[in-house]
Amino acid sequence: MATRPPAEGKPWELAAHPQLAKGKVVGVVVLDGWGEAPPDPFNCIHAADTPTLDALKKGAPERWRLIKAHGTAVGLPTDDDMGNSEVGHNALGAGQIYAQGAKLVDLALASGKIYEGEGFKYIQQSFESGTLHLIGLLSDGGVHSRFDQLQLLLKGASEHGAKRIRVHVLTDGRDVLDGSSVRFVEMLEEDLARLRNKGVDARIASGGGRMYVTMDRYENDWQVVKRGWDAHVLGEAPHKFKNALEAVKKLREDPKANDQYLPPFAIVDESGKPVGSIQDGDAVVTFNFRADRMLMLAKALEYENFDKFDRVRFPKIRYAGMLQYDGELKLPSHYLVAPPEIERTSGEYLARNGVRTYACSETVKFGHVTFFWNGNRSGYFDSSLEKYEEIPSDISIPFNVQPKMKALEIAQKARDAILSRKFDQVRVNIANGDMVGHTGDIEATIVGCKAADEAVKIILDAIEQVGGIFILSADHGNAEDMAKRDKSGKPLRDKDGKVQTLTSHTLNPVPIAIGGPGLAPGVRFRTDLPNAGLANVAATVMNLHGFEAPDYYEPTLIEVVYK
Ligand SMILES: O=C(O)[C@@H](CO)OP(=O)(O)O
Ligand SMILES: [Mn+2]
Ligand SMILES: [Mn+2]
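Since the structure is predicted, the reported quantities are computational estimates derived from the model, not experimental observations. (Residues numbered from 1 in each chain as written. Chains lettered and ligands numbered in written order. Predicted model: local features only at pLDDT ≥ 70, side-chain atom pairs only at ≥ 80, totals over all residues. Heavy atoms only, no water.)

## Structural notes on the coordination of the manganese ion (ligand 2)
So, point 1. Around the manganese ion (ligand 2), the protein contributes the donor atoms D32 (OD), S85 (OG), D475 (OD) and H476 (NE2), at 1.9 to 2.2 Å from the metal centre.
So, point 2. Between the manganese ion (ligand 2) and the manganese ion (ligand 3), the interatomic distance is 4.3 Å. One end of the pair, D32, is in the loop between β1 (26–31) and α1 (44–47); the other, D475, is in the loop between β14 (469–474) and β15 (510–515), and 443 residues separate them in sequence.
So, point 3. A residue is classified by how much of its surface remains accessible, and D475, at 0% relative accessible area, is buried. (Donors = N, O, S within 2.8 Å, 3.2 Å for Na, K, Ca; no water. Helix = DSSP H or I, 4+ residues; strand = E, 2+ residues; numbered from the N terminus. Buried < 20%, exposed > 50% of the residue type's maximum accessible area, 1.4 Å probe, protein only.)

Dropping the structure here:
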């Protein structure tokens, strides 16, 4: 697994592909949360009417195959780690496999290097007289954060001088089972009790469900972050409890409540005063390693000038992210672990070789085909060649109520961009399989999958009209399996006999298909790369644009064979 590409000093100019012509319009479609699994009542993709994708599958094995989208194939610590959008789109765009945030944090904690870095030394200056606040997702999903890393950080910080620690917990239920928040809070309380026994004043101070409190992304809804700010920083929330276990248990009693959407809560003392609001002189660490859903809070914590909501108070704190979340904005400016240096992405190469790119998605996935695709870098490589367009997502409407999301609008934008002939690459992310899949609502997910298929048809028709090429794949699984299963693959049932809903991503491979009238007749998938994964896609896309990929990229999936 590379930590840096061996590219230093290499030219940016890409060699012409010996057999494939330049100048074709290439449609790049990423279906979010769209894996491949056996037919089953809990496989929403199978259950949905998806004639366009079914037709592509018939092109196997020459023009349809499966590729890996989880675990070490995308730079995660182990092959038990499910895929996710960040690592998935990073790999798709970068063409190389990088040790990702989760892995880098593991290494830094295991070696103790995390405590020697600039970021830790910076926050450490607050330990003598201030409180250390840890804010993040309470989960072992491994997508945004991991509980064992929080445990190690708590222990390490206390051993390195933190005397007063407050944890602000965001409950998950999206990367882990709904209801697991209770167990995570219990486990965290056990750890904090151990710290108290050692003389550290350590407590949970506030919290809320990740989708309703704090962890919004791509500036979809600043109110989500404001709720978090109020609870974590100001210590103000509509619900007040004496401890966090009582909080999650009580708040979950509402029949409509779930971990993802728990309302914000603050922990208060006997006199009703918050036990852990954030004050001048305190240190704050956001302990998620993944960027997208921490960036908005990072802005609120770090930017002196900020107008997204009224912060009421802007305490003078020492703030560090677990990682630096945005390499272009250099945000946060202090961080505990250096992020993967994702360089020489296909987006940058293609821009430097004159390829004109249009990228589009709706807000909730917009950064996936731009920021993540380009190696966690915001902005354009060359604004004269690129156009990124965002379609506003529905706000405050659950995705199972509006499962078609903006699939049609994205497809129409892509169609127009293709037909305009102003772009060589038209890249989209279609969100339904993932966003609706995360709700755990099977019927709605089936509707969402059908809408995604219809969107694909619009894009493929446009490619047909301009004599172009398409390449379609996905970033990880989700909608193809909505049941938690035992080792043999049988759905697990709860105590009432109901099948346990799987709201998370999966370990499944994802399909990849190529086609279109512009694809040279002899192009087919190679058969010598059975273990290929998402990182092999970038070289493939470069070939479709008529270029050879750099030699240090993961190999292309295609070959040209004249029969
Ligand atoms: O919603 C998210 O943040 C993650 C799941 O935690 O999904 P994705 O990786 O598809 O963005
Ligand atoms: Mn995704
Ligand atoms: Mn997802």
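## Things to note about the pairing of strand β4 (residues 164–171)
So, point 1. Within β4, 7 of the 8 residues are buried, which leaves it mostly tucked inside the rest of the structure.
So, point 2. Summarising the sheet, strand β3 (residues 132–138) and β4 pair through 7 bridges and their orientation is parallel. Residue pairing in the sheet places L137 in a bridge with L170 of β4.
So, point 3. Handedness of the β-α-β unit built from β3, helix α6 (residues 147–159) and β4 comes out right-handed.
So, point 4. Remark: the β4/helix α7 (residues 181–197)/strand β5 (residues 201–209) crossover connection has right-handed handedness. (Pairing = 2+ DSSP bridges. Right-handed = clockwise from strand over helix to strand, strands pointing away.)

## Some points on the sheet that holds strand β12 (residues 386–391)
So, point 1. The mixed open sheet is built from 7 strands, whose spatial order is β2-β15-β14-β1-β13-β11-β12. Looking at strand neighbours, the two that pair on one side only are β2 (64–67) and β12, the edges of this open sheet. Pairwise comparison of adjacent strand axes, ignoring direction, gives a mean angle of 15 degrees for this sheet.
So, point 2. Judged from the 4 bridges that link them, β2 and β15 form a sheet pairing that is antiparallel. Looking at β15, one finds that R65 is bridged to I512.
So, point 3. Lying on the sheet, helix α17 (residues 537–544) is in contact with β1, β2, β13 (425–430), β14 and β15; it crosses β14 at an angle near 170 degrees. (Axes fitted to C-alpha atoms, helices over the stretch in contact; angles between N-to-C directions. Contact = heavy atoms within 4.5 Å.)

## A look at the UniProt feature "domain: Metalloenzyme" (unreviewed entry) in the protein chain
So, point 1. Under the feature "domain: Metalloenzyme" (unreviewed entry), the UniProt entry names residues 26–548.
So, point 2. Along residues 26–548 the backbone is 32% helical and 16% strand, and the end-to-end C-alpha distance reaches 15 Å. (UniProt positions renumbered as here; feature names shortened; annotations may be inferred.)

## Focus: the coordination of the manganese ion (ligand 3)
So, point 1. Within the protein, the manganese ion (ligand 3) binds to D434 (OD), D434 (OD), H438 (NE2) and H505 (NE2); these donor distances fall in the range 2.1 to 2.3 Å.
So, point 2. Geometry at the manganese ion (ligand 3) is irregular, judged from the 6 donor atoms that bind it and their angles of 57 to 167 degrees at the metal.
So, point 3. As a motif over one chain, the donors of the manganese ion (ligand 3) read D-x3-H-x66-H.
So, point 4. Residue D434 is classed as buried on the basis of its relative accessible area of 1%.
So, point 5. Judged by relative accessible area, H438 falls into the buried class, the value being 3%. (Tetrahedral: all angles 85-135°; square planar, octahedral: opposite > 155°, others 65-115°.)

## Notes on the domain arrangement of the protein chain
So, point 1. Here the protein chain is partitioned into domain 1 (26–97 + 341–560) and domain 2 (102–337).
So, point 2. Spacing between the C-alpha centres of domain 1 and domain 2 amounts to 31 Å.
So, point 3. Opposite the 30 residues of domain 1 that make contact, domain 2 presents 26 residues.
So, point 4. Where domain 1 abuts domain 2, roughly 2200 Å² becomes buried across the two surfaces, and 52% of that area is made up of carbon and sulfur atoms.
So, point 5. Across the domain 1-domain 2 interface, the total number found is 1 salt bridge.
So, point 6. Of the charged contacts in the structure, one is a salt bridge between E328 and R377, with a shortest N-O distance of 3.8 Å.
So, point 7. Between the two partners, domain 1 and domain 2, sit 9 residue pairs in polar contact (both at pLDDT 80 or more).
So, point 8. When contributions to the side of domain 1 that touches domain 2 are tallied by element, the ones reaching two or more residues are α3 (85–94), α12 (363–366) and α13 (368–372). (Domains from an automatic or database assignment. Buried area = accessible area lost by both parts, 1.4 Å probe. Salt bridge = Lys/Arg side-chain N within 4 Å of Asp/Glu carboxyl O. Polar contact = N/O pair within 3.5 Å; in protein donor to acceptor, adjacent residues only side chain to side chain.)

## Some remarks on helix α4 (residues 101–111)
So, point 1. Turning to α4, its buried residues are G101, A102, L104, V105, A108 and L109. Taken down its axis, α4 places every buried residue within 165 degrees of arc, on the same side.
So, point 2. Considering only its buried residues, α4 is in contact with α6, β9 (318–323) and β10 (335–337).
So, point 3. Following α4 by one or two positions, G112 has its phi on the positive side, about 80 degrees. (Arc of directions from axis to C-beta.)

## So, the pairing of strand β8 (residues 283–286)
Each regular strand carries side chains that alternate between the two faces of the sheet.
So, point 1. Residues of β8 alternate between two faces, with A283 and V285 on one and V284 and T286 on the opposite face, all of them buried.
So, point 2. Relative to β8, β3 runs parallel, the two sharing 4 bridges. Within the sheet, the bridge partner assigned to L134 lies in β8 and is V285.
So, point 3. Strand direction decides the pairing type here: β8 and β9, joined by 4 bridges, are parallel. When the sheet's bridge partners are listed, V284 is paired in β9 with Y319.
So, point 4. Handedness of the crossover joining β8 and β9 through helix α10 (residues 295–302): right-handed.

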